[in-house]
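So the chains spell out like this:
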Amino acid sequence: MSSEVLRTALQTALRARTRMVERVREQGVRDEKVLAAMMAVPRHLFVEEALASRAYEDTALPLGLQQTISQPFVVARMIELLRAGRELGKTLEVGTGCGYQAAVLSHVATEVYSVERLRPLLDRARNNLRHLRLPNVRLKHADGSVGLREAAPYDTIIVAAAAPKIPPALVEQLGEGGRMVLPVGAAEQVLVLIERTSRGIRETRLSPVRFVPLLPGTE
């Protein structure tokens, strides 16, 4: 690819990313740090080459292995809910997928521990993230439904798959003052915000969502 063609391709991707971020803003996300993180991460590097032209659409896209890369608005909204007047600190991401959300989180969290149950998907995420050289992201092949005790407690937990009910292990690994956001349900799913306060666990049910199911074990 010539330098001129490469420059044109980069400019096209940048314009598309700018439009994506503006759409997310128009949909109600107001946290400028979250929007800047979305702007900083080239989403087209995380999707299949055949889908690169659709990378900046506000939609989930297939990754193979019955998994998807989440809709940009949903990624931004979940992170905004977790920030809301605080820093993310040490963050656990359950469901690495292609690595896109971990890359966005790297711009707003102190540390990001991301677990993925599917080895082929984790290998793909490692390859995607390698080019971005993000020193605060650590990936692990593990069963996300039981969290990652070795690095607990976490200030923040974000779950990118729908659990049939709130996993007790994840609640246990949430530090004092911590927050977790996750989709809960099967046929009908809802986004849930969990907060550990001095008075105990507070649960807030938010908007309807659609995610792949959170499955136990590793493959």
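How each quantity is defined
Throughout this document, residue positions are counted from 1 along each chain, in the order its sequence is written. This being a predicted model, a pLDDT of at least 70 is required before a residue's local features are given, and a value of 80 or more before pairs of side-chain atoms are given or counted; all residues contribute to the totals for chains, interfaces and linings. Hydrogens and waters are ignored; side-chain quantities use all the structure's heavy atoms. Only the six-membered ring of Trp is used, alongside the rings of Phe and Tyr, when aromatic pairs are assigned; centres must lie within 6.5 Å, and planes under 30 degrees apart are stacked while those over 60 apart are edge-to-face, with the rest tilted. The way it works is that DSSP assigns letters per residue, a run of H or I at least four long becomes a helix, a run of E at least two long becomes a strand, and they are numbered from the N terminus. Remark: exposure states derive from per-residue accessible area (1.4 Å probe, protein chains only) relative to the maximum for the residue type, with buried under 20%, exposed over 50%, and partly exposed in between. If DSSP finds at least two bridges between two strands, the strands pair. Axis angles are defined between N-to-C directions and span 0 to 180 degrees, where every axis is a line fitted to C-alpha atoms and, for a helix, only to the segment in contact. Only heavy atoms enter the contact rule, under which two residues are in contact if any of them lie within 4.5 Å.

A. Fine view of the packing of aromatic side chains. The final tally for this structure, using the stated rule, is two aromatic pairs. Pairing F46 with Y100 gives two aromatic rings, centres 5.7 Å apart and planes at 70°, and the pair type is edge-to-face. Of the two residues, F46 sits in the loop between helix 2 (32-40) and strand 1 (61-64) while Y100 sits in helix 4 (residues 100-106), which places them 54 residues apart along the sequence. Given a relative accessible area of 2%, Y100 falls into the buried group. Geometrically, the ring pair formed by Y113 and Y154 is edge-to-face, given 6.2 Å between the ring centres and 65° between the ring planes. Of the two residues, Y113 is situated in strand 4 (residues 111-116) and Y154 in strand 6 (residues 154-159); the sequence distance between them amounts to 41 residues.

B. How the structure looks around the sheet that holds strand 4. Taking strand neighbours across the sheet as the criterion, the seven strands line up as 5-4-3-6-7-8-9 in an open arrangement whose pairing is mixed. Each having just a single partner strand, strand 5 (137-141) and strand 9 (200-209) make up the two edges of the open sheet. Within the sheet, the average angular offset between the axes of one strand and its neighbour, ignoring direction, is 15°. Bridge count for strand 4 against strand 5 is five bridges, and the pairing is parallel. Bridge pairing in strand 5 links V115 to K140. Against the sheet, helix 3 (residues 72-83) engages strand 6, strand 7 (174-185), strand 8 (189-197) and strand 9, with an angle of about 150° to strand 7. Sheet contacts for helix 5 (residues 119-130): strand 4 and strand 5; angle to strand 5, the most-contacted strand, approximately 160°.

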